[in-house]
Amino acid sequence: MSYNANKPENALIRAKELVKIHQIPSALSLLYEVLIARKYKTWSLTYENIMVYYLDLCIEGKKSREVKDGLHQYRNLTQTSAPGSLEKVINYLIKRAETMVDDAKALSPTSTESTEVGDLEAQATPESILMSTMNSDHTSEVVQRLTVLPALKFLWEVYRSVLDILKTHSRLALVYHSTASAAFKFCATNSRKTEFRRLCDMLRSHLSNLHKFGATAAMREQNANKLKGWDGWTHESIEMHLNTRFEQLSIAGTMEQYSEGFRTVENIYEIMQLSRRQPRSKILATYYEKLTHIFWVSQNHLFHSYASYKYFVLCRDHNKSMTESTLTTLATNVLLSAMCIPSGRVGKKGDIDNTAEEDQRKEKDQRMANLLGFSSDPTREALLMELENKGIIGLCTEESRELYKILEKRGNPLTLVGNCLPLISGIDSKFRPRIRTVVVTKLLKGLGKVYSTITIDGLMKLCKGLEMSFAGVEEILYEAVSEGLIKVRVDHRGGCLKFGQGGMESERLKSQLVTLAKALTNIVEEKSNEDLDLEGLVEDRARFFAQVKAGLDEENAQCLERKAEIERRKEEWERDLQKKEAEAEAKRVADNEKKKKEAEDRVKQEARNREKEKQIKIFNEMENTKKKAILAKLGKKLSDYGADTSLKDLNADDLAREHMDLVQKEKDDTESKTKDAAKRLDYVTRAIRIEELPIREKQRQEQEEKLKKEHENGMEKQLKAEKQKWTKQSEKKKIFDAIGVFKYMPDFEAKIMAERRKVHEADCKKAEEDARNAAMEAKIERAKLARDDAIRQARDEEERREREEKERREKRERDEKGGKEEKVTER
């Protein structure tokens, strides 16, 4: 029987044999060829065993690239026919990789942190190798570098490969999201911030591709090759994506990756927009709860307060098990977060210097408003007014309400700090630093309305009790001035603060004319001692002022024209600058794209070259293996063909022909020997039968005589026994006739039959009675069954009517509840 190594069963056996002789690369190549073979493309359990064994070999050698290639081929094989097998294989791979990491960490003599390596994907450089030799704890460093680090790299590559393979597989969406969750835990446990950012970028790229190519059925059909296995957006898939992003947001907060947290929030908002119906209240509450944390860390107090307000409304309306204390705590947090918002700017709206800054702020605020579901920019005043109108302030604690009244309603700057101090100690410690800042800002604004100047010592006396130095107050002062909340200058030489609208530059410019007038007056006084024609000087001065007055309008027009020209040139310069920047940016992007494309082409060409070299190497190894096998079958050695002969010099086809000739010769010799033996056996058998024929005839005659004698003796004995039996029965009959037994037999039979008839008639009557009773009982039973069926049908009909009425009532309640939620969302 011929041996085909590409058949799955034979390939698995051959791979195990290669592993036993330490030919693991050849075994991997053989198994990979089976996975990519076009001849056997129907999935069977053998393929699953092959894939598991293939992964075991890759895990032992930490070959992440081979793992990814094998999983790609196995996904193509099982995507439609056996997705459960792919899930089983992936779970097995992840479990083995995680176990390998745990074992590697257990071998480390010290708890060396994995954060010592900044990037798991970075290759070892000569500098890193040189620095590793200078470590004092050489044993732990070696264990870390040789066991823990490769295991972490392999596990990271496994997570990436699985996520890349399952990114469009709807049937294994649960495995995709569980793998993403495991990858998040891996990054958090090992403090892998770089890998966490890459993981977030990968998931964001997957989501972007699903948006780009699979938003509608027409787009999915048009881009079927790019989204193999993707069934479109469903309510379950949207909910799984949301849960994954919520976990990503939580890990981002834990690892202090707040930029990724903002991007994750935007992804969550995009996913929510995909659903045609409003997400569940629990999901929305989780969403706003995460937003509050992100906004608080980023010090965006306006949107932190609005997110807290949204979270409070959802919990109050939908969490029926919420206690009064929890509701009070949430309401207090909303009020305190609203008080933490900086008040409005005091600068002019048309300030040219702040235009770009204002545009950026508005753009950012609009983005945040979209995340919270607002169509316009929310404000501090609108939020506080809504809290008052809806009675939420009344649900807060006494301390927070009183603090709100002091800061918002009555604000005497001289007693502000003293009134707020006992109340600040009663609020949550989370809000205390920000509330102190708000109190100081409120104090400075109040002092600016009452005083034009205040000493630093006087200000610090008013701030007594806040546990704050002047450096802290000055920092708050700087932030307030930079945000446009107040106008104040600090005079350290004079030890005071000066409130007002003008700055230092404006004061200097305002005194320029006065300085010029004083200088001219001094010159006139110096010249007054000389002999001057005062009347002529007066006339010249009058004439000069008349000329100045006559040309005042023209000079004013020239100044305005000059200003317009300056503005025009400034705008042209800015446009030219923007154009040059745009051209430079476009050129840079084009150069980057070109370099990226060249790099990709180079990588692809190198991959093709490596693949070609790999195939050539595999082919040569298979040819050498084939030649060795043929030589072994021929019973020859390589030296039989010459001392300097190598396997490369031999031709596999010539060896195969030689082997076939040898096999054919052995076959012909065997057939010739078999024919000769058969002919010789035929002659011997015929001679034996001719010789034994008379002997068999004699034996037959003797056997016939023997059987005949035995038959005659048996018949004679049987006749004698029958005759004796007849004689005995005749003697018994004579005895019965003598005593008259046979004449009484008719009477005896009649008597017996009469008794039997009576018993038979009684049995018949009883059987008829039993039959009538059974028929009556059956009739009664049928009536009972009919009555029970009627009762059961009536009960089922009543239950059906009650169920339909309950469903209609629940649907009406859901519709009313949905209408209320829509109204809340609109507000």
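See the structure shown above.
None of the values given here were measured: they were computed from a predicted structure.

Novice: Sorry if this is basic, but what is going on with the sheet that holds strand S3 (residues 496-499) here?
Specialist: Two pairing modes exist for strands in a sheet, parallel and antiparallel, and in both the strands are linked by backbone hydrogen bonds. In space, the three strands of this open sheet follow the order S1-S3-S2, with antiparallel pairing throughout. Both outer strands of the open sheet, strand S1 (453-455) and strand S2 (488-491), are each paired with one neighbouring strand and no more. Each adjacent strand pair in this sheet contributes to an overall mean axis angle of 20 degrees, direction not counted. Alignment of S2 against S3, held across four bridges, turns out to be antiparallel. For Val 488, the partnering residue across the bridge sits in S3 and is Phe 499.

Novice: Which parts of the structure should I look at to understand the packing of helix H14 (residues 301-318) against helix H15 (residues 324-339)?
Specialist: Axes are the key here: two packed helices are described by the angle between their axes and the distance separating the axes. Between H14 and H15, the shortest axis-to-axis distance is 8 Å and the interhelical angle comes to 160 degrees. Classified by the angle their axes make, H14 and H15 are roughly antiparallel. Judged by the twist between their axes, the crossing of H14 over H15 is left-handed. Between H14 and H15, the contacting residues are His 301, His 304, Ser 305, Ser 308, Tyr 309, Tyr 311, Phe 312, Cys 315 and Arg 316 on the first element and Leu 327, Leu 330, Ala 331, Val 334, Ser 337 and Ala 338 on the second. When the residues that make up the contact of H14 with H15 are grouped by side-chain class, the tally is nine nonpolar, five polar and one charged.

Novice: Even after reading the chapter, I still don't get the pairing of S3, so can you show me in this structure?
Specialist: Walk down a regular strand and you will see the side chains alternate between the two sheet faces. As paired strands, S1 and S3 are joined by three bridges and run antiparallel to one another. Bridge pairing links Thr 455 to Cys 496 in S3. The antiparallel pairing of S2 with S3 creates a hairpin that spans four residues between the two strands, and Gly 495 there sits at a positive phi of about 65 degrees.

Novice: Just checking my understanding: could you explain helix H1 (residues 8-20) for this structure?
Specialist: One turn of the α-helix equals 3.6 residues, which is why residues spaced by three or four share an orientation. Between the first and last C-alpha of H1 there are 19 Å, a value that for 13 residues agrees with the 18 Å anticipated at 1.5 Å per step. When H1 is considered as a whole, its buried residues turn out to be Pro 8, Ala 11, Leu 12, Ala 15 and Leu 18. The arc that holds every buried residue of H1, seen down its axis, measures 125 degrees, which confines them to one face. As for H1, its buried residues are in contact with helix H2 (24-36) and helix H3 (45-61).

Novice: I tried to follow the packing of aromatic side chains on my own but got confused; where do I start?
Specialist: Describing an aromatic ring pair means giving the distance of the ring centres and the angle of the ring planes. Under the definition given, this model contains six aromatic pairs. Both rings, one in Phe 262 and one in Phe 295, keep their centres 6.1 Å apart while their planes meet at 55 degrees; by these two values the pair is tilted. Here Phe 295 lies in helix H13 (residues 281-297) and Phe 262 lies in helix H12 (residues 258-274), a separation of 33 residues in the sequence. In this pair, the class of Phe 262 matches that of Phe 295, namely buried. Where Trp 296 meets Phe 431, the ring centres are 5.3 Å apart and the plane angle is 70 degrees; that geometry is what we call edge-to-face. Taken together, the residues Trp 296 in helix H13 and Phe 431 in the loop between helix H19 (416-424) and helix H20 (432-450) connect sequence positions 135 residues apart. Phe 431 carries the same exposure label as Trp 296, and that label is buried. Through pairs of rings, three or more aromatic residues link up here, namely Trp 156, Tyr 159 and Phe 186. We note Lys 16 situated over the ring of Tyr 53; from NZ or CZ to the ring centre the distance is 5.8 Å.

Novice: Got a minute to help me understand the side chain of Ser 85 in this structure?
Specialist: Looking at the element boundaries, Ser 85 is found in helix H5 (residues 83-107). The contact partners of Ser 85, leaving out residues within four places of it in the chain, are Trp 43, Glu 48 and Tyr 74.

Novice: Any chance you could explain the pattern of salt bridges here in plain terms?
Specialist: Where charged atoms from two side chains of opposite charge approach closely, those side chains can pair. Applying the stated rule across the entire model yields 31 salt bridges. Across the pair Arg 192 and Glu 195 runs a salt bridge, and its minimum N-O distance is 3.1 Å. Between Glu 565 and Arg 568 there is a salt bridge; the shortest N-O distance is 2.1 Å. Here Glu 565 and its partner Arg 568 are both found in helix H26 (residues 552-634), three residues apart, which amounts to about one turn of the helix. Assessed through its relative accessible area of 26%, Glu 565 is described here as partly exposed. Connected via shared salt-bridge partners are Glu 797, Glu 798, Arg 800, Arg 801 and Glu 804.

Novice: Could you clarify how one ought to interpret helix H22 (residues 470-482) in this entry?
Specialist: The end-to-end C-alpha distance of H22 is 18 Å, a good match for the 18 Å that 13 residues give at a rise of 1.5 Å each. Within H22, burial applies to Phe 470, Gly 472, Val 473, Ile 476, Leu 477 and Ala 480. End-on, the buried residues of H22 take up no more than an arc of 160 degrees, which puts them together on one face. Exposed positions of H22 whose direction lies more than 90 degrees from the buried face are Ala 471 and Tyr 478. Of the surrounding elements, those touching the buried residues of H22 are H20, helix H21 (456-462), S2 and S3. In the segment just after H22, Gly 484 is the residue with positive phi, at about 80 degrees.

Reading the values: the criteria
- Residues numbered from 1 in each chain as written.
- Predicted model: local features only at pLDDT ≥ 70, side-chain atom pairs only at ≥ 80, totals over all residues.
- Heavy atoms only, no water.
- Pairing = 2+ DSSP bridges.
- Helix = DSSP H or I, 4+ residues; strand = E, 2+ residues; numbered from the N terminus.
- Axes fitted to C-alpha atoms, helices over the stretch in contact; angles between N-to-C directions.
- Parallel < 35°, antiparallel > 145°, perpendicular 65-115°, else oblique.
- Left-handed = near helix turned anticlockwise from the far one by under 90°.
- Contact = heavy atoms within 4.5 Å.
- Nonpolar A, V, L, I, M, F, W, Y, C, P; charged D, E, K, R; others polar.
- Expected span 1.5 Å × (residues − 1).
- Buried < 20%, exposed > 50% of the residue type's maximum accessible area, 1.4 Å probe, protein only.
- Arc of directions from axis to C-beta.
- Phe/Tyr/Trp six-rings, centres within 6.5 Å; stacked < 30°, edge-to-face > 60°.
- Lys NZ or Arg CZ within 6 Å of the ring centre and 35° of its normal.
- Salt bridge = Lys/Arg side-chain N within 4 Å of Asp/Glu carboxyl O.

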